[in-house]
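# Structural characterization, general
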Amino acid sequence: MDARRTAEMPRLLLSYLLLAVVACGPATSATTRDVAYRTETLEAELAGLPTDGSPGSTLLRSRLLRALGRQSVAVEQLEPGLDGARIALDWRGLSDLWRELGDVQIEMTRPQDA
């Protein structure tokens, strides 16, 4: 019984080694396709949003732009939304937009502007 276990040990170690090599191998091109698909999906969702200056749609546009890596465009979108919320005295919307603007500024490594 003991000799049989000893004979199976190298085979078991080889199996673990093979599993580790396969698991830590290079990424496949499927990840590149997934990223391209996500970008296209986010772009389509962004194009479908209303272009009004309401806080709700401005926040959604900003979050989609941030997900696409376009923080500077998100800041440009937030500024007119802030003005609109200020004119309409929408305090909740104004608070949400200021918080979003601060988050974008921090992402852009400009905490002094947040």
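Please read all numbers here as calculations on a predicted model, not as lab measurements.

## Observations regarding the nonpolar core
Ranked by internal contacts, the top residues of the largest apolar core, which has 14 residues, are Leu46, Leu78, Leu82, Leu97, Leu101 and Val104. Only α3 (55-67), α4 (71-87) and α5 (91-107) provide two or more residues apiece to this core. A per-element tally of this core places α4 first, with five residues.

## So, the confidence of the model for the chain
Confidence in the prediction for the chain averages 80 pLDDT; 72% of positions are at 70 or higher. The secondary structure element of the chain with the lowest average pLDDT is helix α1 (residues 2-23), at 66, and the one with the highest is α5, at 91.

## Quick notes on α5
For α5, spanning 17 residues, the distance from its first C-alpha to its last is 24 Å, which sits close to the expected 24 Å at 1.5 Å a residue. Three or more residues of α5 are buried, namely Gly93, Leu94, Leu97, Glu100, Leu101, Gly102, Val104 and Gln105. Residues of α5 that are buried in the fold lie against α3 and α4.

## What to know about the pattern of salt bridges
Evaluated as defined, the whole model comprises seven salt bridges. With its nearest N and O atoms 2.5 Å apart, the salt bridge here joins Glu107 to Arg66. Here Arg66 lies in helix α3 and Glu107 lies in helix α5, a separation of 41 residues in the sequence. On the basis of relative accessibility, which here comes to 38%, the residue Glu107 falls in the partly exposed class. Among the ionic pairs, Asp96 bridges to Arg99, the shortest N-O distance being 3.1 Å. Taken together, the residues span about one helical turn, with Asp96 and Arg99 both in helix α5 at a distance of three residues.

What counts, and where the lines are drawn
Residues numbered from 1 in each chain as written. Predicted model: local features only at pLDDT ≥ 70, side-chain atom pairs only at ≥ 80, totals over all residues. Heavy atoms only, no water. Core = buried A, V, L, I, M, F, W, Y, C linked by side-chain atoms within 4.5 Å. Buried < 20%, exposed > 50% of the residue type's maximum accessible area, 1.4 Å probe, protein only. Helix = DSSP H or I, 4+ residues; strand = E, 2+ residues; numbered from the N terminus. pLDDT = per-residue confidence, 0-100. Expected span 1.5 Å × (residues − 1). Contact = heavy atoms within 4.5 Å. Salt bridge = Lys/Arg side-chain N within 4 Å of Asp/Glu carboxyl O.

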